[in-house]
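Chain by chain, the residues:
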Amino acid sequence: MPGFGGLEAPNGDIPRHSKDGSRDSRGHLPSLMASSYPIAIKFIDVCYKVKVQGTDTQGSSIKRMFTHGSSTPSDQGSTARNQEKTILNNITGMVSPGEMLAILGPSGSGKSTLLNALAGRLRHDRGNFSGTMLANNRKPSKQIAKRTGFVAQDDVLYPHLTVRETLVFCSLLRLPKTLSTKDKISVAESVLSELGLSKCENTIIGNSFMRGISGGERKRVSIAHEMLINPSLLILDEPTSGLDSTAAHRLVSILGSLAQKGKTIVTSMHQPSSRVYQLFDSVLVLSEGRSLYFGKGSEAMGYFESIGFSPSFPMNPADFLLDLANGTWASTSSVSFLLHELAESTRMN
Ligand SMILES: Nc1ncnc2c1ncn2[C@@H]1O[C@H](COP(=O)(O)OP(=O)(O)OP(=O)(O)O)[C@@H](O)[C@H]1O
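Computed from a predicted model, the values in this text were never measured in an experiment.

Chemist: What is the right way to look at the site of the ligand in this model?
Modeler: Looking at the ligand, there are 15 residues lining it, with Ser 107, Gly 108, Lys 111, Ser 112 and Thr 113 nearest. Ser 112 places a side-chain nitrogen or oxygen 2.7 Å from an oxygen atom of the ligand. Taken together, the elements giving at least two residues each to the shell around the ligand come down to β1 (41–55), β2 (80–95) and α2 (111–118). Examining the composition of the shell around the ligand, we find that three residues originate from one element, α2, more than from any other. For the shell around the ligand, a count of residues per class yields four nonpolar, eight polar and three charged.

Chemist: In this structure, what is going on with the packing of aromatic side chains? I would like to understand it.
Modeler: The geometry of an aromatic ring pair is captured by the separation of the ring centres together with the interplanar angle, meaning the angle of the planes. The final tally for this structure, using the stated rule, is five aromatic pairs. When the ring of Tyr 158 is compared with that of Phe 169, the centres are 6.3 Å apart and the planes differ by 70°; the resulting orientation is edge-to-face. Within this pair, whereas Tyr 158 is found in the loop between β5 (148–151) and α4 (163–174), its partner Phe 169 is found in helix α4, the two being separated by 11 residues in sequence. Ring plane angle 50° and centroid distance 5.8 Å describe the contact between Tyr 293 and Phe 304, whose orientation is recorded as tilted. In this pair, Tyr 293 sits in strand β9 (residues 290–296) while Phe 304 sits in helix α9 (residues 300–306), placing the two residues 11 residues apart along the sequence.

Calculation notes
Residues numbered from 1 in each chain as written. Predicted model: local features only at pLDDT ≥ 70, side-chain atom pairs only at ≥ 80, totals over all residues. Heavy atoms only, no water. Near = heavy atom within 4 Å. Polar contact = N/O pair within 3.5 Å; in protein donor to acceptor, adjacent residues only side chain to side chain. Helix = DSSP H or I, 4+ residues; strand = E, 2+ residues; numbered from the N terminus. Nonpolar A, V, L, I, M, F, W, Y, C, P; charged D, E, K, R; others polar. Phe/Tyr/Trp six-rings, centres within 6.5 Å; stacked < 30°, edge-to-face > 60°.

See below:
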């Protein structure tokens, strides 16, 4: 298990790009990919509940639509009432600089909600958030938010621009005025090559009507877009969705190399291959908003075996964990049974 100590942030507000655009002894801009401000994240007992509207009689609101509001005898007495839905239920974990944490779980298990919570993007007016969220052992500040890059599931890119134009345009808009135009362009070029986009730099982004770059390249452009501001914490929601396993492996390898440069990477993933799974330092497995496992990816199978859950033939660990989270692994492995076993083993340790 990763230690819970976390790195202390350096004192003061260290700029991500030096304000005067100063260069090192060889005349280069400061390294863009190395993190000058490491961020360690801890989240403890995170809960998120939302109010959803329910009715006493199932389907009565739909029936009312078809009967133009006139109530049927069976509807009489049914009233709309607010029910509370728990989307995240006591989720605890941490990730340090230099590490990649993968959040795994079936569709609807709460992965995106947790990522939004970690990025400070949860709408508090839409739900009730509780728990502790710490960045470098303190309440996340605005400085942390500025150093956080978020790559959403659905990217928004201009289809008519080429890859290079996209990144240069974004660099000119997002980087500080104190950097010269030439330096901003060189930042864009450096990110472009770091993410392996040089081959397609002059191809348009495209969309469903105009053929452009491939799906994998598109995902890398979205990541590059965030990398321009040299974030210390990079959060990605399903960056490999729609990619084949080779492209997914390539993309996650790039994320791994960013982590090795001191960045903190948190990513959700739907169905990683075993090759991709090996690249994760730690994994958090969610099932219906509850945590089934948090720890080193390499120790997950051994852990489940120790409490009586192991596949009868060699399996991709990610597939096995997803089967557990879905409750489809074996007849006795319903999620509630598994959670009961986990609770028992925690109580005994
Ligand atoms: N504001 C909200 N109001 C009501 N339900 C919500 C709200 N936000 C999320 N949910 C529900 O919470 C559950 C978790 O959603 P979330 O998007 O976090 O899941 P996910 O694991 O990321 O799913 P996917 O892999 O399909 O993207 C879903 O059932 C979703 O419908």
